[in-house]
Amino acid sequence: MQQVLYTRDAVRQTTEGGFHRVLRKNVSYNKYEDHIQRIEKELMKKHRLGYSALVKFLILKEGQQQFGIPFLAS
């Protein structure tokens, strides 16, 4: 699967006037991976989550299964 992941630090201003870093990652899909995007949309709808929250949810869920890390589903 051809997938490009890279990280980019984004600086966000807080309400207190300070700054903090936000880590961003991007995922690219090739032209043969439309099925993945359809599944992604169905999972977002099923769990009532946005894209970012869905990715975090699935990572935590898989981490629990693989490594026994405690995880509470919402």
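Residues numbered from 1 in each chain as written. Predicted model: local features only at pLDDT ≥ 70, side-chain atom pairs only at ≥ 80, totals over all residues. Heavy atoms only, no water.

Draft legend 1. Examining the packing of helix H1 (residues 34-47) against helix H2 (residues 51-67) more closely. In contact at an axis separation of 10 Å, H1 and H2 are set at 85° when each is read in the N-to-C sense. One way to sum up the angle between H1 and H2 is to call them roughly perpendicular. On the side of H1, the interface is formed by Glu-40, Leu-43, Met-44 and His-47, while H2 contributes Tyr-51, Leu-54, Phe-57 and Leu-58. Taken together, the residues of the contact of H1 with H2 break down into six nonpolar, one polar and one charged. (Axes fitted to C-alpha atoms, helices over the stretch in contact; angles between N-to-C directions. Helix = DSSP H or I, 4+ residues; strand = E, 2+ residues; numbered from the N terminus. Parallel < 35°, antiparallel > 145°, perpendicular 65-115°, else oblique. Contact = heavy atoms within 4.5 Å. Nonpolar A, V, L, I, M, F, W, Y, C, P; charged D, E, K, R; others polar.)

Draft legend 2. Structural context of a nonpolar patch on the surface. A contiguous nonpolar patch, built from Val-27, Tyr-51, Val-55 and Ile-59 and spanning about 310 Å² of accessible area, is present on the exposed surface. Take Val-27: it is sitting in the loop between strand E2 (19-26) and H1. For Val-27, a relative accessible area of 32% gives the class partly exposed. (Patch = residues over 30% accessible without salt bridge, like charges linked within 9 Å, V, L, I, M, F, W, Y side chains within 5 Å. Areas by Shrake-Rupley, 256 points an atom, 1.4 Å probe, with all protein chains shown as cover. Salt bridge = Lys/Arg side-chain N within 4 Å of Asp/Glu carboxyl O. Buried < 20%, exposed > 50% of the residue type's maximum accessible area, 1.4 Å probe, protein only.)

Draft legend 3. Representation of the side chain of Glu-40. Within the secondary structure, Glu-40 sits in helix H1. Buried charged residue Glu-40 carries no salt bridge. Nearest counter-charge: Lys-41, at 7.1 Å. Those residues in contact with Glu-40 that sit more than four places away from it in its chain are Tyr-29, Tyr-51 and Leu-54. (Lys, Arg positive; Asp, Glu negative; His and termini not counted.)

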